[in-house]
Amino acid sequence: MATRMRRRPARQARAALLPVLLTGALSLAACSGGGTSTTPAQSAGGTASKTLVMDASFTLKTADPGRNYEPTGLIIGKALYDTLLTFEGSDVTKPVPALAESYEQSSDGKTLTLKLRQGATFSDGSPVTADDVVFSLNRVRDLKGNPSFLLDGVKVAKTDDTTVALTSETPKPALPFILPNPALGILNSKVVKANGGAEDSSDKAEQYLNGASAGSGPYTLQSFNAQSQVVLTANPKYWGQKKPTYGKVVLRNVESATQKLNVQRGDSQVALDLSGDQIKTVSGSQQTTKTASANMVFLLANQDTAVSRTSSNPKIVEAVRKGIDYQGLLELAGEGSVQAPGVIPTMLLGALPPDQAVKRDVEGAKAAVAASGVSNPTLKLEYPSDLTLQGLSFQPFAERIQANLKEVGITVDLAPAPVATALENYRKGKEELGLWYWGPDYPDPTDYLVFLPGNTVGLRSGWKKGADKALEELGDKAAVTIGDDARKQLYTDIQTKLNATGPFVPLIQPSQNIVTAASVTGLAFHPVWTVDVAALGAK
């Protein structure tokens, strides 16, 4: 299943539902009207300010960036802790400076050198130093918490007072795209060490960091409750040029139906987790934002003959691919959703253009069934029964796939199961036909090499190393290639080949739906941190 779920079993469905941006599908429909979007408040610095109330379905465990990898936690981390690099708005195709004013990657991709910005300060007024950077990144890597994999094999060293170098034994072309993750926010090392912090598993600072923040971000932590509410206050010593509009941000844990009611009656200004059906009935003074998420829903056909001689038959896989009614699935998913042209989501470097997405070919599918040599093919389709993705259940999609494939001569037996049960079969590579989704750990195409033979998702489909040597060689080359143009071509080639002969059928990218009061401005989806609260403004 999706990225973060592979590291945290049975995580709430919304988890990987990290939203997106870019390429087109953004639809901002502002309506007129009042809406009580703000209330008077006083910022920590005494300047007249506003309070923003945001409702979300929490997926939250901690405010400690070294241990935080939940979607709600990343919203909070983005507000509290600046990172070395970031992304501009919703554009994840190019990292831009943040605490680092510049960066340079060596031609072999093994060294990333970052020059630190002068004048950046933590919320206590002390300067952000190279020592803080080394401590923070080493701590994330060696705590062995959920986000530690982001820096696997990466060494961090101070070159001088204003320069740090990240080195690895193998090329890491994705590293500039990984560093913007809020889990890699820079901590005030003196403060954290004074409160139990360490660069390894002996660290005891989590409790402190759940009660106070130690970052240089636009907000500080006022209070934290992982079950109910988190309150942020504007950092009066924020070093950045753009100061936050809202003096206080209250992020509340609210189920989606109540989120809708709250934003409609003015009790909140942002509702983050509405389904396509819920958003259809939102009207009046609210703004609705619908855009394709970075989550890619797909089918896998197991290639292990010990699991199934039917799903491992190349002609049956071809028939499944040609037999799906992709437009029908989009109608089920709702407005804002798009067909996934390949395994890489549409907003990432290396994504296939929409016109290269697979199209339904009923006659071609029937011909493939006939050529398979399998009489009356039957497949068991497994999927999670208690999981929703952006408000969508897997059940109607499974039923639609069943009906589509019946038209081309394939019988599909539906086998829903609780996510914990379904995940076990999926991870062990025991499913004959599986319906799952994948969301990015970081917005770089290297995260999708897991679909190749012998890699994580490849093995879950029974696709062992050596099954497609030409494709594997392309993947090996893509993993170490530096330069956007060269990488884009390699990932295009990989997905084109996957779409032709691989065991995966990319289906859709569901829409992420957010409702805001008419007074809120500056909302932009982001596939890593959902929403940058410091970028939100007010009319």
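In this report, the structure presented in the accompanying data block is examined. Everything quoted here is computed from the prediction, not taken from an experiment.

**Some remarks on the packing of helix α15 (residues 469-480) against helix α16 (residues 484-501)**
Relative placement of two packed helices is described by the angle separating their axes and the distance separating the axes. Axis separation between α15 and α16 bottoms out at 9 Å; the angle between their running directions is 155 degrees. Considering their axes alone, α15 and α16 lie roughly antiparallel with respect to each other. Between α15 and α16 the crossing geometry is left-handed. Facing A470, L471, L474, G475, K477, A478 and A479 of α15, the residues of α16 in contact are L490, Y491, D493, I494, K497 and L498. Here the contact of α15 with α16 is built from residues that sort into nine nonpolar, one polar and three charged.

**Topic: helix α11 (residues 362-372)**
All of the buried residues along α11 are G364, A365, A368, V369 and S372. Relative to the axis of α11, the buried residues are bounded by an arc of 140 degrees and lie together on one face. Within α11, the exposed residues directed more than 90 degrees away from the buried face are E363 and A370. Packing partners of the buried residues in α11 comprise α9 (314-323).

**A closer look at the pairing of strand β8 (residues 154-160)**
Here β8 runs beside strand β9 (residues 163-168); their pairing, made up of six bridges, is antiparallel. Among the inter-strand pairings, V156 is bridged to a residue of β9, identified as L166. The hairpin formed by β8 and β9 contains two residues between the paired strands.

**What to know about the side chain of S285**
Residue placement: S285 occurs in the loop between α8 (276-280) and β14 (286-292). On the basis of relative accessibility, which here comes to 16%, the residue S285 falls in the buried class. A distance of 3.2 Å separates polar atoms of two side chains, one belonging to S285 and the other to Q286.

**Points about the sheet that holds strand β7 (residues 111-116)**
A sheet is described by the order of its strands in space; here four strands give the open sequence β6-β7-β9-β8, paired in antiparallel fashion. Taken across any chain shown, the strands that pair with only one partner, and hence form the sheet edges, are β6 (100-105) and β8. Sheet twist, expressed as the average angle between the axes of neighbouring strands with direction ignored, equals 20 degrees.

**So, the sheet that holds strand β20 (residues 411-417)**
Ordered in space as β16-β22-β15-β21-β17-β20, the six strands form an open sheet in which the pairing is mixed. Edge strands, defined here as strands with exactly one partner in the open sheet, are β16 (338-339) and β20. In the sheet, strand β17 (residues 378-384) pairs with β20 via seven bridges, with the strands oriented parallel. Of the residues in β20, the one forming a bridge with T378 is T411. Where helix α12 (residues 395-407) meets the sheet, it contacts β15 (296-301), β17, β20, β21 (433-438) and β22 (504-509), and its direction lies at approximately 165 degrees from that of β20.

**Things to note about the nonpolar core**
Of all hydrophobic cores here, the largest spans 73 residues; its most connected members are F298, L299, L435, F451 and L507. With six residues, β15 is the single largest residue contributor to this core. Two domains share this core, each providing at least three of its residues, namely domain 1 (51-290 + 513-538) and domain 2 (296-509). Beyond its immediate chain neighbours, meaning those up to four positions away, L507 contacts V297, F298, L299, I324, Y326, L329, V338, Q339, A340, I401 and L435. Core analysis: the next-biggest nonpolar cluster, separate from the first, contains 38 residues, I76, L232, Y246 and A517 among them.

Rules used throughout
Within any chain, residue numbers begin from 1 and follow the written order of that chain's sequence. Since the coordinates come from a predicted model, pLDDT governs what is reported: local features require at least 70, and pairs of side-chain atoms require 80 or more to be given and counted, while whole-chain, interface and lining totals use all residues. Excluding hydrogens and water, the side-chain values take into account all heavy atoms of the structure. For helices, the fitted line uses only the C-alpha atoms of the stretch in contact; every axis is such a line through C-alpha atoms, and the angle between N-to-C directions lies from 0 to 180 degrees. To qualify as a helix, a DSSP run of H or I must reach at least 4 residues; to qualify as a strand, a run of E must reach at least 2; elements of each kind are numbered from the N terminus. Angles below 35 degrees are treated as roughly parallel, those above 145 as roughly antiparallel, those between 65 and 115 as roughly perpendicular, and all remaining angles as oblique. Handedness of a crossing is defined here by the sense of rotation of the near helix relative to the far one, left-handed for an anticlockwise turn of less than a right angle and right-handed for a clockwise turn. Two residues form a contact once any of their heavy atoms are found within 4.5 Å. By the convention adopted, Pro, Cys, Tyr, Trp, Phe, Met, Ile, Leu, Val and Ala count as nonpolar, Lys, Arg, Asp and Glu as charged, and the other residues, Gly among them, as polar. Three labels apply to residues, based on accessible area from a 1.4 Å probe with only protein chains included: buried if under 20% of the type maximum, exposed if over 50%, partly exposed otherwise in between. Each C-beta atom gives one direction from the helix axis, and the arc is the one those directions make. Strands are labelled as partners when DSSP assigns at least two bridges between them. Distance and chemistry together define a polar contact, namely a pair of N or O atoms within 3.5 Å, with one atom able to donate a hydrogen and the other to accept it when in protein, and with adjacent residues in sequence counting only for side-chain atoms on both sides. We call a set of buried residues a nonpolar core when its members are Ala, Val, Leu, Ile, Met, Phe, Trp, Tyr or Cys and they connect through side-chain atoms within 4.5 Å of each other. What fixes the domain bounds is an automatic or database domain assignment.

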